[in-house]
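Residue-level structural notes
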There are 2 protein chains.
Amino acid sequence: MTTDDPNNDRTPTLADVARLAKVSTATVSRCLNSPDRVIEKTRTKVLAAVRDLGYAPNFNARALAAKHTNTIGAIIPTMENAIFARALQAFQEELGGSGVTLLVASSSYRADLEEEQIRTLVSRGADGILLIGYHRDPKIYEFLQRQGVPIVVAWVFDPQADVLTVGFDNFTAMKALADKVISMGHRRIATITANPEYNDRASERLRGIRAAMSEAGISATDLSIVESAYGIDEGGKALEQILAQPVRPSVVMCGNDVLAVGAIARAKELGLRVPEDISVTGFDDIEIAKISSPPLTTVHVPHRRMGKEAARMLINLVNATKDQKNTLIETSLKIRSSLSKR
Amino acid sequence: MTTDDPNNDRTPTLADVARLAKVSTATVSRCLNSPDRVIEKTRTKVLAAVRDLGYAPNFNARALAAKHTNTIGAIIPTMENAIFARALQAFQEELGGSGVTLLVASSSYRADLEEEQIRTLVSRGADGILLIGYHRDPKIYEFLQRQGVPIVVAWVFDPQADVLTVGFDNFTAMKALADKVISMGHRRIATITANPEYNDRASERLRGIRAAMSEAGISATDLSIVESAYGIDEGGKALEQILAQPVRPSVVMCGNDVLAVGAIARAKELGLRVPEDISVTGFDDIEIAKISSPPLTTVHVPHRRMGKEAARMLINLVNATKDQKNTLIETSLKIRSSLSKR
DNA sequence: TTGTAGGCGTTATCAC
DNA sequence: GTGATAACGCCTACAA
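Here the structure is a predicted model, which means the values were calculated and not measured.

Looking only at helices and strands, one finds 13 helices and twelve strands in chain A. On C-alpha atoms alone, chain A measures out to a radius of gyration of 26 Å, which is more than a quarter above the 20 Å that the 2.2 N^0.38 rule sets for 342 residues. Overall size of chain A, expressed as C-alpha extent along the three principal axes, is 85 × 40 × 35 Å. Sorting the 342 residues of chain A into buried and exposed places 52% on the buried side. Across chain A, every contact between residues at least 6 apart in sequence was considered, and the portion connecting residues at least 24 apart equals 69%. Taken as a whole, chain A presents about 15,500 Å² of accessible surface, with 50% of it coming from carbon and sulfur. For chain A, the separation between the mean place of its 42 positive charges and that of its 40 negative charges on side chains is 4 Å.

Next comes the structure, spelled out in structure tokens:
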């Protein structure tokens, strides 16, 4: 065998294909990327060589030369939650339909990890990035802008923001639920929320509850707040904290459905009846809300629609097809039996 | 400005850093990759330049030159299921601890998509890949081997397989549960399962039920099988199919917990009491199993441990640290009140 | 310890 | 329609 015999065991390259098909590497490249720019006969010849060699293009080399990757990244707080998973699935489906592949990372709700992952995604050449929630170090937005990587922020709707958002108004949505709760006679309210300091969805929802109470003339001191990580067990523990307080609330408004079903389960374990002894509400309307017993009163969020819309916006943004605008996703109240009159 | 003025708006490169720090690109590269191979003084100088420019290495260029990416890929059937999410989270945590980043893709339980994603991961230069389940076209294994990309297969334990596996024995685990079910007096059994043809976990579990029945001298005709996609609603629909059959079974053994809670919810909606009128079992022991009402009898699978172990094996495999061997993850029965004596 | 220079596999700009 | 050939940004012998 001569030195430049292509038939050794390293993975085949464009050059190998070109040699076998007796054309130039440029032609092979064209066959793969814009087949119509090459004559039928040579195309079949090249494609045959591709198949014979089991050639697969080297993505990194391609990205390096082409300066785009047909890849969009997404950073979600966690995969261990149907909420994000559902939206992400729709996001991916929509992307796939346009031939772009998705790169996912999860930040575990940690700002430092998220920042790291943003840099990773950028250095990997993501053509665009999906982020959850608006609140983060301004430097990150500057960085992204400098790098020329377009982003879309989901889960919030904010026409004021200087980035594109797709989502709903967390304040209004939770306020609507709180209005309903109050209209049913509840005065002493407890809430289980994520740390609102670094989570704008959580802080807006909390603000919604406060606004509703204030409007109804209920003292802010009648709201007791427990912060908790998201999780079923965590919801249960938070409920225990609430019950340990001197005055028992008549309703517990939870930051999401996962916390809520955890709270319900624990309440029942402790011998309380839901909703007779204590009402519970959630947020998101994921599948467990329906099968919970009692079924959960919650705010319905069309996650799949949001994911799909985010993908559409991002694709258009990357292609600079046209000016995109913020898009509002409508939410609605889902009243089920975990909430009853006081 | 001269033509080679670095101070324009394209993103900075190694060369820019080198110029600013007045060293060669090789030195900059070394500073970043093996800092100890360069003297303190020049290192600080270089690092300062890196910061000033906001330089971030181009991942694709690095991968192209270095021929490895410090990246491991994982393809899971779906993200919309806590089962995989939980294992994947642990997988990622373990990888992160070793400085390797994770690339995730989800195949939607479709063999064709999975194959495509495997090729994508390979062409992106993944140093190793995690796959779920052993059953797939042998050509894929050949391809992976030719490309020199090591893999680990999770969710199954099979010492016979010619690839590394980490998981449990689906047959034995489900048989143990079926043994228990039968010991409680059940004779007419129904099962809701994923299509066993392309899902070796499902087919092994089904085989486990059959073996237990056979050992107990129960006719195979006393098993009624309903195939279903995984999902809460799907579980409910499958239960309806079961109830529509002439003879009602006394127990429904589900392929996973998600199907099981869906079946329970639907049964209750239809006025049946669980377990008095019909018992239900699951598989996996995810969080909803505990909060289901009644709580779900199921097979406990330590998903996080499995994910962590998979990461460890893959890292060692990539580094060729030492010979890896198949590792067995122990499962256990979780008996809760959704199963009662016949 | 540091610098020089060739190469990694593609794409894209030119000619022809 | 096709073929040379120069980038793309980084790593890594090899030399100094």
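We are not done yet, so read on.
Residue and element names in this part refer to chain A. With respect to the helices, strands and loops of the structure, isoleucine 129 is situated in strand E3 (residues 128–132). Separated by 47 residues in the primary sequence, isoleucine 129 and alanine 82 have C-alpha atoms spaced 21 Å apart. Not counting chain neighbours up to four residues away, the residues in contact with isoleucine 129 comprise Gly73, Ile118, Leu121, Val122, Leu144, Val149, Pro150, Ile151, Val152 and Leu314.

Once that is clear, we can look at the protein's contact with DNA strand D. Lining the immediate surroundings of DNA strand D are 23 residues, of which A:Thr27, A:Val38, A:Thr42, B:Leu14 and B:Tyr55 lie closest. Taken together, the sugar and phosphate atoms account for 70% of what DNA strand D places within 4 Å of the protein. In this structure, a phosphate oxygen belonging to DNA strand D sits 3.2 Å away from a side-chain N or O atom of A:Thr42. In the environment of DNA strand D, a phosphate oxygen lies 2.5 Å from a nitrogen or oxygen atom belonging to the side chain of B:Tyr55. When residues of the surface near DNA strand D are traced back to their parent elements, those giving at least two are helix H2 (25–33) and helix H4 (59–66) of chain A together with helix H2 (25–33) and helix H4 (59–66) of chain B. The leading source of residues in the surface near DNA strand D is H4(B), at four residues. In the surface near DNA strand D, the residues fall into 13 nonpolar, seven polar and three charged.

Before going further, it helps to examine the relation of the copies chain B and chain A. These two copies of the chain differ by a rotation about an axis and a displacement along the same axis. Overlay of chain B on chain A (RMSD 0.1 Å): rotation 180°, translation along the axis 0.0 Å. The superposition operator between the copies reduces to a two-fold rotation axis. Across chain B, the smallest distance between a C-alpha and the rotation axis is recorded for B:Asn60, namely 2.3 Å. Most of the interface of chain B is mirrored in chain A, where 98% of its interface residues are also at the interface.

Within the structure shown, the criterion is met by eight cavities of 30 Å³ or more. Considering only enclosed or pocket space, the largest cavity measures out at about 170 Å³ in volume. At the level of elements, helix H11 (257–269) and helix H12 (287–291) of chain A together with helix H11 (257–269) and helix H12 (287–291) of chain B are the ones that each hand at least two residues to the lining of the largest cavity. Classifying every residue of the lining of the largest cavity gives ten nonpolar, four polar and two charged.

The rules behind the values
Residues numbered from 1 in each chain as written. Chains lettered and ligands numbered in written order. Predicted model: local features only at pLDDT ≥ 70, side-chain atom pairs only at ≥ 80, totals over all residues. Heavy atoms only, no water. Helix = DSSP H or I, 4+ residues; strand = E, 2+ residues; numbered from the N terminus. Rg over C-alpha atoms; globule rule 2.2 N^0.38 Å. Buried < 20%, exposed > 50% of the residue type's maximum accessible area, 1.4 Å probe, protein only. Contact = heavy atoms within 4.5 Å. Areas by Shrake-Rupley, 256 points an atom, 1.4 Å probe, with all protein chains shown as cover. Lys, Arg positive; Asp, Glu negative; His and termini not counted. Charge placed at Lys NZ, Arg CZ, Asp CG, Glu CD. Near = heavy atom within 4 Å. Polar contact = N/O pair within 3.5 Å; in protein donor to acceptor, adjacent residues only side chain to side chain. Nonpolar A, V, L, I, M, F, W, Y, C, P; charged D, E, K, R; others polar. Least-squares fit on C-alpha atoms with pLDDT ≥ 70 in both. 1 Å grid on protein atoms, 1.4 Å probe; cavity = no way out; pocket = protein on both sides within 12 Å on 5 of 7 lines; lining within 4 Å. Points joined across faces, edges and corners; volume = space filled by probe spheres on them.

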